[in-house]
Amino acid sequence: MTRTLLVVGHGMVGHRLVERLRVLDGARTWRIVILAEEHHPAYDRVSLSSYLDGKSRSDLTLAGVDFLNDPRVELLLGCSVVSVDRSARTVSTDRGDRISYDALVMATGSRPFVPPVPGRDLPGCFVYRTFDDLDALRAAARPGRAGVVVGGGLLGLEAANALRLLGMHPHVVETAPHLMPAQLDAGAANVLHRHVTALGLRVHCATATASIEAGADGTVRTVRLSDGTVLDADLAVFAAGVRPRDELADAMGLVRGERGGVVVDEFCRTADERVWAIGDCAAVQGRLYGLVAPGYRMADSVAHQLTGQHAEPFDGADTSTTLKLLGVRIAVFGVPVSDGEPMVEVAFAEGSDRYAKVLLSPDSGHLVGGVLAGDTGSWAAVRSFIGHQPPADLEQLLLP
Ligand SMILES: Cc1cc2nc3c(=O)[nH]c(=O)nc-3n(C[C@H](O)[C@H](O)[C@H](O)COP(=O)(O)OP(=O)(O)OC[C@H]3O[C@@H](n4cnc5c(N)ncnc54)[C@H](O)[C@@H]3O)c2cc1C
């Protein structure tokens with residue numbers, strides 16, 4: 001007998017779930033209905049910035065022809081789920097439809113966090129999450145003029161680079177004392193800071209966006225910072241973090257995590273045996289990830305469960321990564337920044353272009369994590385020492 005799986009959200013993780021299920025469900029026991037708020041099938045959101053750098057929507061689309069033509073899959077674009085009745089096992093959509101399910105997977109992702117800054121709703125204020133957001137930004141960009149990016153993390157720097165590609169002069173405002181405070185320490189952030197300012201970004205750290213003000217035409221004209229600086233700007237982009245899209249949870253009677261997200265166990269199960277949550281919207285054992293690789297592992301686990309196969313529990317994610325951000329190589333591994341635990345820090349710098357720091361456990365001397373900036377060639381080698389004593393000539397390993 002065919003059962004109906006309803007997937008809420010066709011982002012990167014919802015798509016991964018369906019792709020895995022199509023492979024694993026050889027007996028074709030599932031009919032899959034995907035309800036997608038966006039008007040475009042799932043795309044590579046991680047590479048979204050390349051949409052302003054020559055890539056088209058179809059270049060970034062994840063759903064291939066075989067997926068779109070699969071008779072088992074029904075994809076309803078531009079269709080949001082507005083409520084779920086768990087006892088009747090139905091969802092209601094903004095089109096007024098009611099659809100029944102045997103299993104429901106919430107894959108509703110995240111939304112950009114927009115801090116409560118006066119003026120944040122003015123025309124000329126943008127967020128940076130979807131194709132539509134970037135189309136709006138492209139249409140509003142005025143080459144030669146300035147734009148302000150609120151947030152100096154990874155996403156903020158991507159948005160600033162996008163403004164640069166659109167011919168604008170970006171300012172970046174970050175409340176922390178340095179760029180990318182979640183991943184980098186001050187030394188690594190300095191390497192990044194020097195490089196991005198040489199590219200023309202104007203960086204304002206340790207200050208907040210106090211207000212955004214309109215000119216006579218009613219659109220953004222100035223951005224006022226809490227240190228008194230007034231920036232002349234034609235637009236503002238909020239890239240100050242994300243929040244899980246868990247708005248359906250309360251009315252469904254599902255528990256939300258302390259920092260939001262639908263609370264699920266290590267198999268991504270909610271308290272209702274027919275309902276799962278995966279990806280950015282899931283708080284796995286209370287913890288949010290906001291990254292695609294952990295989301296894919298959650299999707300794989302649920303696809304196995306739905307087909308009655310052995311499923312791996314989701315037991316946390318290694319957030320080690322290497323990035324090339326505006327031409328600067330950055331790598332983080334293990335625990336890159338001390339989160340309050342006492343640690344021994346060993347840092348090396350070569351001029352202002354290369355920097356490396358590792359954290360060691362004060363008791364065992366074992367490597368806990370670290371960060372490299374400017375040159376990341378030793379990333380794989382040094383990472384292999386996590387949980388072990390690093391070699392005596394650490395400097396040679398880190399900055400060969
Ligand atoms: C510019 C940018 C760069 C990034 N770079 C990286 C990176 O380098 N590495 C990394 O790991 N991650 C990165 N991320 C984060 C990554 O994109 C997310 O972790 C990933 O997209 C999460 O996938 P998801 O399917 O859970 O959510 P999403 O991709 O956000 O998809 C959720 C979908 O659900 C839809 N939806 C929400 N509510 C409803 C509803 N009620 N009904 C129907 N549909 C609904 C949404 O419209 C959306 O289309 C980046 C994100 C951005 C924006």
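From a predicted model like this one, the values you see are computed outputs, not experimental measurements.

Things to note about the overall build of the protein chain
A tally of helices and strands in the protein chain yields 10 helices and 25 strands. Expected size for 400 residues packed as a compact globule is a radius of gyration near 21 Å; at 23 Å, the protein chain falls within 12% of this value. Judged by the C-alpha coordinates and their principal axes, the protein chain covers about 65 × 65 × 40 Å.

Some points on the packing of helix α1 (residues 12-24) against helix α8 (residues 292-306)
Here α1 crosses α8 at 35 degrees, and the two axes come no closer than 8 Å. Judged by the twist between their axes, the crossing of α1 over α8 is right-handed. Contacts between α1 and α8 involve M12, V13, R16, L17, R20, L21 and L24 from the first element and V292, G295, Y296, M298, A299, D300, V302, A303, H304 and L306 from the second.

Side note on the sheet that holds strand β15 (residues 230-232)
As summarised here, the arrangement of the three strands in space is β13-β14-β15, forming an open sheet in which the pairing is antiparallel. Each of the sheet's edge strands pairs with one partner strand only, and the pair in question is β13 (209-214) and β15. Averaged over all adjacent pairs, the angle separating strand axes in this sheet is 20 degrees, with direction ignored.

A closer look at the site of the ligand
Neighbouring the ligand are 33 residues; G9, G11, V13, G109 and G279 lie closest to it. Of all the secondary structure elements, the ones that give two or more residues to the shell around the ligand are α1, β2 (30-36), α5 (154-165) and α8. Both domains that meet at the shell around the ligand, namely domain 1 (3-111 + 242-306) and domain 2 (125-238), each give it at least three residues.

Looking at α5
With 12 residues, α5 extends 17 Å between its outermost C-alpha atoms, agreeing within 8% with the 16 Å of an ideal straight helix rising 1.5 Å per residue. Every buried residue of α5 is listed here: L155, G156, L157, A159, A160, N161, A162 and L163.

Describing the environment of E247
Counting through the fold element by element, E247 comes out in the loop between β17 (242-244) and α7 (249-252). Along the backbone, E247 and V82 are 165 residues apart, and their C-alpha atoms lie at a distance of 9.2 Å.

With respect to the domain arrangement of the protein chain
Here the protein chain is partitioned into domain 1 (3-111 + 242-306), domain 2 (125-238) and domain 3 (321-398). Relative placement of domain 1 and domain 2: their C-alpha centres are 31 Å apart. Counting from both sides, the interface comprises nine residues of domain 1 and, opposite them, nine residues of domain 2.

Things to note about the environment of R57
Along the polypeptide, R57 turns up in helix α2 (residues 57-60). Considered as a pair, R57 and R86 are 29 residues apart in the sequence and their alpha carbons are 36 Å apart. Residues within four places of R57 in sequence aside, it is in contact with H40, Y43 and F131.

Comments concerning the nonpolar core
Generally speaking, soluble globular proteins have nonpolar side chains that are buried together. Counting 53 residues, the largest nonpolar core has V149, L192, A236 and V237 as the members making the most contacts within it. For this core, the element with the highest residue contribution is α5, accounting for six residues. Filtering out sequence-adjacent residues up to four positions away, V149 remains in contact with G156, A159, A160, L163, P170, H171, V172, V173, V237 and A239. Within the second largest apolar cluster, 50 residues are counted, among which are V7, V33, L104 and W276.

A look at the sheet that holds strand β23 (residues 344-350)
Neighbouring strands of a sheet are bound in pairs by backbone hydrogen bonds; such pairs are parallel or else antiparallel. With antiparallel pairing, the five strands of this open sheet are ordered in space as β21-β22-β25-β24-β23. Both edges of this open sheet fall to β21 (321-325) and β23, since each of them pairs with a single strand only. Each neighbouring strand pair of the sheet contributes to a mean axis angle of 10 degrees, computed without reference to strand direction. Bridge count between β21 and strand β22 (residues 328-334): five bridges; the pairing is antiparallel. What sits directly across from L323, in β22, is I330.

A short note on the pairing of strand β12 (residues 202-205)
Relative to β12, strand β11 (residues 169-174) runs parallel, the two sharing four bridges. Pairing of H171 across the sheet is with R202, part of β12. As a crossover connection, the stretch from β11 through helix α6 (residues 186-198) into β12 is right-handed.

Overview of the pairing of strand β1 (residues 3-8)
Bridging between β1 and β2 involves six bridges; their strand directions are parallel. Following the sheet pairing, T4 is matched in β2 by R31. Each parallel crossover has a hand, and for β1 linked through α1 to β2 it is right-handed. Across four bridges, the pairing between β1 and strand β7 (residues 103-106) is parallel. Counterpart to L5 in the pairing with β7 is A103.

As for unusual backbone geometry
In the Ramachandran plot, R89 falls in the positive-phi region, its phi being about 55 degrees despite a non-glycine side chain. By C-beta crowding, R89 is classed as partly exposed, having 18 other C-beta atoms within 10 Å. Despite not being glycine, Q285 has its phi angle at roughly 50 degrees, a positive value. You can see Q285 is positioned in the loop between β20 (282-284) and α8. On the basis of neighbour counts, which here come to 14 C-beta atoms within 10 Å, the residue Q285 falls in the partly exposed class.

Thresholds applied
Residues numbered from 1 in each chain as written. Predicted model: local features only at pLDDT ≥ 70, side-chain atom pairs only at ≥ 80, totals over all residues. Helix = DSSP H or I, 4+ residues; strand = E, 2+ residues; numbered from the N terminus. Rg over C-alpha atoms; globule rule 2.2 N^0.38 Å. Axes fitted to C-alpha atoms, helices over the stretch in contact; angles between N-to-C directions. Left-handed = near helix turned anticlockwise from the far one by under 90°. Contact = placed C-beta atoms within 7 Å. Pairing = 2+ DSSP bridges. Near = placed C-beta within 6 Å. Domains from an automatic or database assignment. Expected span 1.5 Å × (residues − 1). Buried ≥ 20, exposed ≤ 12 C-beta atoms within 10 Å, placed from the backbone. Core = buried A, V, L, I, M, F, W, Y, C linked by C-beta atoms within 7 Å. Right-handed = clockwise from strand over helix to strand, strands pointing away.

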